[in-house]
Amino acid sequence: MAGRINDDDVKAVRDAVPIDAVVSEYLQLRNAGGGNLKGLCPFHDEKSPSFQVSPSKGLFHCFGCQEGGDTIAFVMKIDHLQFSEVVERLAAKAGITLRYEEGGYNPSHQRGERIRLVEAHKAAAQFYVEQLDGPEAEIGREFLAARGFDQAAAAHFGVGYSPAGWDHLTRYLRGKGFSDKELIASGISQDGRRGPIDRFRGRLMWPISDTAGDIVGFGARKLRDDDNGPKYLNTPETAIYKKSQVLYGIDLAKKDIAKASRAVVVEGYTDVMACHLAGITTAIATCGTAFGGDHIKILRRLLMDNGSARVIFTFDGDAAGQKAALRAFEDDQKFAAETYIAIAPDNMDPCDLRLAKGDEAVRDLVEPRTPLFEFALRQIVGRYDLETPAGRAAALDEAAPVVAKIKTGSVQREVAVQLAGFVGILDQEYVVHRVNQLAQWARGRGDQRGPARSSSRADAKHQQIQAPTGPSGPALNLRSPAHRTERELLKLALQRPALVSPAFDAYGMDEFTAPPYAAVRQCIAEVGGAELGVAETREYLVQVLDATPNETVRKLVTELAVEVFHGKSIDEAYAGEHLVKVRLRAVDRRIDDVQGSLARLGSNVAPDHLAAAQNEVWVLQQYAQSLRNSGADAL
């Protein structure tokens, strides 16, 4: 049984690894104001950034899908890891040695599956790199040299060589402490007649990393004629490798993609190498599969869908390349970025182009690019006999729906005019009208399926939020002034506890009329109140999150902990104003309750009960008047 990680070590990991540095490995972040950062949420599709990160508090929250938490929670969700696996990974990055309770620590038996598989790939990659220098790998070195890649290039991309024997790597990894079960699960080895054998033998090897930089698979290139396998052989689907969710070179390209708001999609490993060495450091490639929706999600998080974002495909100009481009166009509308296609002279891929004409030719390749929709239209129209009326009509029938999908109305009209020219129809307005009709019909059909989900934070706030298990009361509605004030006070208690402590800690759950807010107030009380956060806000927030009874309340805590304040100056006066408003509404509610109870009882009320109730009302009214006159000084 794995030992429990020491609590102090978990805290040390949280403190040592900045959440913005971790999140930035997966998506681009920009300034959101108030010390927060924002980006496109990696957990749901959205067009406007609603995902926020608070570096000072070590928390993230998405105002669109309500996901939230600390650094550990983020990595757990995005990489589908267990708590201990994430702590171990982050500790390794921070250079922290973890202590384990309830027994000794045996890394070979107690580490999480994903970490073990990643470590196996890391060890295998190093093994392959070392083998590339050996006599047997001369054929591999010749292959690289023939394509213009020297030893430095191979080292930069971690290219290696897998020996031709049956189990060289398998025996090596066994010696490193990996079990046969782990080697099979990793995809590095496969079952043989007498036990596990190497999956890759006698091939050039490219390590494939995920966005975070962990090696999760390999791409292997055939070198010898007696190799009966495919030209390229990739790692099979495993717990850590899904070919539809990885992009070769993304670990090297992600920072430049985010910085330049541009990505270049090529077809193979050597094409990525050629582009990067030629200065196009935003190049990436798919791994043995078509470019699809999951790949788009990866790029969108890095590009952040700003108006100048560009994605350029460099598929070959042959039939297969054209087919790949058309498949990419089918997903084009999932991009907010503009998409283009660039085809090299003589249909050469970037690797061949660099070899034949040099680095400058590769850089020039992605400049005179064609919009992907234009390329798609020409491919469609080119299949028909445009010399006949029937051919032109058929071409228009197939191409017009393509144009109708273009996002921007002005661009859609301009391309419709271009389509008329491609097809040879002189009446341009007829084609424009036809496309417009199709676009309107598509939008109408979309409306029938239900209104589009709003991505704006303001719209989300106007919707009713489901209340978690907690005290009864009205549902949370941010159009309510009372609920808005309670929300702001809770934000102060979580983000700026020094401004509301110790007064806030005397407030009861019943002073918060929205059940979700009452539940958050209860969590704060359970950890010792806002006073606990005066000295160490980040650790205080971690404890509040740990005290949440369910995921709904937990998400609300992270939301309140990162949401910006509505006021211009967040000071003692601002805090006092909200403390008074919440308390005053609670006092007024109590007055109404007592007076309403007396009215319902009428003459049936006992004299002593009547006197006590009237006295309570008088005291409450005096307190309410004091709050109105003196503000926070009356608390």
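To start, this report covers the structure provided alongside it. (Residues numbered from 1 in each chain as written. Predicted model: local features only at pLDDT ≥ 70, side-chain atom pairs only at ≥ 80, totals over all residues. Heavy atoms only, no water.)

So, the layout of surface pockets
Operational definition: A cavity here means a set of 1 Å grid points, computed over protein atoms only, where a 1.4 Å probe fits but cannot escape. A pocket is an open set with protein on both sides within 12 Å along at least 5 of 7 lines, and lining residues have an atom within 4 Å of a point. Grid points are joined across faces, edges and corners, and a volume is the space filled by probe spheres set on the points. Working definition: helices are DSSP H or I runs of at least four residues, strands are E runs of at least two. Numbering for both runs from the N terminus. Residue polarity follows a fixed list, in which Ala, Val, Leu, Ile, Met, Phe, Trp, Tyr, Cys and Pro are nonpolar, Asp, Glu, Lys and Arg are charged, and the others, Gly among them, are polar.
As a volume, the second largest pocket reaches approximately 780 Å³. Together, 27 residues line the second largest pocket, and Ile 78, Asp 79, His 80, Lys 242 and Gln 245 are the ones closest to its centre. If you list the elements that add at least two residues to the lining of the second largest pocket, you get helix H3 (71–79), helix H6 (113–131) and helix H13 (293–303). Ranked by residue count, the leading element in the lining of the second largest pocket is H13, at 4 residues. Its residues placed into classes, the lining of the second largest pocket shows 13 nonpolar, 4 polar and 10 charged.

Examining empty space enclosed by the protein
Taken as a whole and judged by the stated rule, the model has 1 cavity of 30 Å³ or more. Roughly 50 Å³ of internal volume is contained in the largest cavity. If you trace the largest cavity, you find it lined by Arg 14, Lys 57, Gly 58, Asp 70, Thr 71, Arg 538 and Val 542. For the lining of the largest cavity, a count of residues per class yields 1 nonpolar, 2 polar and 4 charged.

Thoughts on the packing of H6 against helix H9 (residues 168–175)
As a reminder of what qualifies: Helix axes are fitted to C-alpha atoms over the stretch in contact, other axes to C-alpha atoms as well, and angles between N-to-C directions run from 0 to 180 degrees. Roughly parallel here means an angle under 35 degrees, roughly antiparallel means over 145, roughly perpendicular means 65 to 115, and every remaining angle is called oblique. Handedness of a helix crossing follows the sense of rotation of the near helix relative to the far helix, less than a right angle counterclockwise being left-handed and clockwise being right-handed. Should any heavy atoms of two residues lie within 4.5 Å, those residues are counted as being in contact.
Where H6 meets H9, the axes come as close as 10 Å, and the angle between the chain directions of the two elements is 125°. As far as their axial angle goes, H9 and H6 are oblique. Two packed elements cross with a definite hand, and for H6 against H9 that hand is right-handed. Contact residues: Ala 120, Ala 123, Ala 124, Phe 127 and Tyr 128 in H6; His 168, Leu 169, Tyr 172 and Leu 173 in H9. For the contact of H6 with H9, the residue count by class is 8 nonpolar, 1 polar and no charged.

Let's talk about the sheet that holds strand S5 (residues 59–62)
For clarity, the cut-off: One bridge is not enough; two strands pair if DSSP finds at least two bridges between them.
Taking strand neighbours across the sheet as the criterion, the 5 strands line up as S2-S3-S4-S5-S6 in an open arrangement whose pairing is antiparallel. Each edge of the open sheet is held by one strand with a lone partner, namely strand S2 (30–33) and strand S6 (68–70). Here the strands of the sheet are splayed against their neighbours by 25° on average, with no regard to which way each runs.

Description of the pairing of strand S10 (residues 195–198)
Here strand S9 (residues 189–192) pairs with S10 via 4 bridges, running antiparallel. Counted as the bridge partner of Ser 189 is Asp 198 from S10.

Quick notes on the sheet that holds strand S13 (residues 232–234)
With antiparallel pairing, 4 strands are arranged side by side in an open sheet as S8-S11-S12-S13. Only two strands of the sheet have a single neighbouring strand rather than two, namely strand S8 (160–162) and S13. Across the sheet, the axes of successive neighbouring strands diverge by a mean angle of 35°, strand direction being ignored. Where strand S11 (residues 203–209) and strand S12 (residues 215–222) come together, 7 bridges link them in antiparallel fashion. When the sheet's bridge partners are listed, Ile 208 is paired in S12 with Gly 217.

Let's talk about the packing of helix H24 (residues 515–526) against helix H26 (residues 551–562)
Packing of H24 against H26 leaves a shortest axis separation of 10 Å and a crossing angle of 85°. By the angle between their axes, H24 is roughly perpendicular relative to H26. Here Pro 516, Tyr 517, Ala 519, Val 520 and Cys 523 of H24 lie close against H26, whose contacting residues are Val 553, Leu 556, Val 557 and Leu 560. Among the residues forming the contact of H24 with H26, the class breakdown is 9 nonpolar, no polar and no charged.

Observations concerning the packing of aromatic side chains
For clarity, the threshold we go by: Working definition: rings of Phe, Tyr and Trp (its six-membered ring) pair if their centres are within 6.5 Å, and the pair is stacked with planes under 30 degrees apart, edge-to-face with planes over 60 apart, and tilted otherwise.
In the structure shown here, the tally under the stated rule is 17 aromatic pairs. Plain terms: the ring middles of Phe 43 and Phe 60 are 6.2 Å apart, the flat faces sit at 50° to each other, and that makes the pair tilted. With a gap of 17 residues between them, Phe 43 in the loop between strand S3 (36–39) and strand S4 (51–54) and Phe 60 in strand S5 connect regions that are remote in the sequence. In textbook terms, an aromatic cluster arises when at least three aromatic residues are bridged by ring pairs, as seen for Tyr 26, Phe 43, Phe 51, Phe 60 and Phe 74.

Details of the pairing of S4
In plain terms, the rule: Partly exposed describes any residue whose relative accessible area lies between the buried limit of under 20% and the exposed limit of over 50%, with all areas from a 1.4 Å probe on protein chains only and scaled to the type maximum.
Of the two faces of S4, both are covered, the one formed by Phe 51 and Val 53 as well as the one formed by Gln 52 and Ser 54. Note: S3 against S4, 3 bridges, orientation antiparallel. Of the residues in S4, the one forming a bridge with Lys 38 is Gln 52. By the bridge criterion, 4 bridges tie S4 to S5 in an arrangement that is antiparallel.

Quick notes on the nonpolar core
Selection criterion: Side-chain atoms within 4.5 Å are what join buried Ala, Val, Leu, Ile, Met, Phe, Trp, Tyr and Cys residues into a set we call a nonpolar core.
Counting residues in each nonpolar core, the largest one holds 44 residues, and the members touching the most others are Leu 144, Val 159, Leu 204, Trp 206 and Tyr 248. When residues of this core are assigned to their parent elements, the largest contribution, 5 residues, is made by helix H12 (residues 269–277). Once residues lying within four places of it in the same chain are set aside, the contact partners of Leu 144 are Leu 132, Phe 149, Ala 154, Val 159, Leu 204 and Trp 206. Of all hydrophobic cores here, the second largest spans 38 residues; its members include Leu 499, Val 562, Tyr 574 and Leu 579.

A closer look at helix H19 (residues 409–423)
Rules: Expected helix span is given by 1.5 Å per residue-to-residue step, counting one fewer step than there are residues. It is the directions from the helix axis to the C-beta atoms whose arc is reported.
In a regular helix each residue adds 1.5 Å, so 15 residues correspond to 21 Å; H19 covers 21 Å between its end C-alpha atoms and thus fits that length. Residues of H19 that are buried include every one of Gln 412, Val 415, Ala 416, Leu 419, Ala 420, Phe 422 and Val 423, and no others. Seen along its axis, H19 keeps its buried residues to an arc of 160°; they face one direction. Exposed and oriented more than 90 degrees from the buried face of H19 are Ser 410 and Gly 421.

Re helix H7 (residues 138–146)
Those residues of H7 not exposed but buried are Gly 140, Phe 143 and Leu 144. Buried residues of H7, viewed axially, fall in a sector of 95°; they line one side. Buried residues in H7 make contact with helix H8 (151–156), S11 and S12. Phi for Gly 148, located one or two positions after H7, is positive at around 85°.

Some remarks on the environment of Ala 123
In this fold, Ala 123 is placed in helix H6. Between the C-alpha atom of Ala 123 and that of Tyr 172, which follows or precedes it by 49 residues, the distance is 9.1 Å.

Quick notes on the pattern of salt bridges
Applied cut-off: Between Lys or Arg on one side and Asp or Glu on the other, a salt bridge is scored when a side-chain nitrogen of the former is within 4 Å of a carboxyl oxygen of the latter.
Under the counting rule described, the total for this entry stands at 30 salt bridges. One salt bridge connects Lys 77 with Glu 67, and the closest N-O pair in it is separated by 3.5 Å. Taken as a pair, Lys 77 in helix H3 and Glu 67 in the loop between S5 and S6 lie far apart in primary sequence, 10 residues in all. By relative accessible area, Lys 77 is classed as partly exposed at 34%. Residues Glu 429 and Arg 413 are paired through a salt bridge, measuring 2.6 Å at the closest nitrogen-oxygen approach. Here Glu 429, found in helix H20 (residues 428–448), pairs with Arg 413, found in helix H19; they are 16 residues apart in sequence, far enough to count as distant. For Glu 429, a relative accessible area of 44% corresponds to the partly exposed category.

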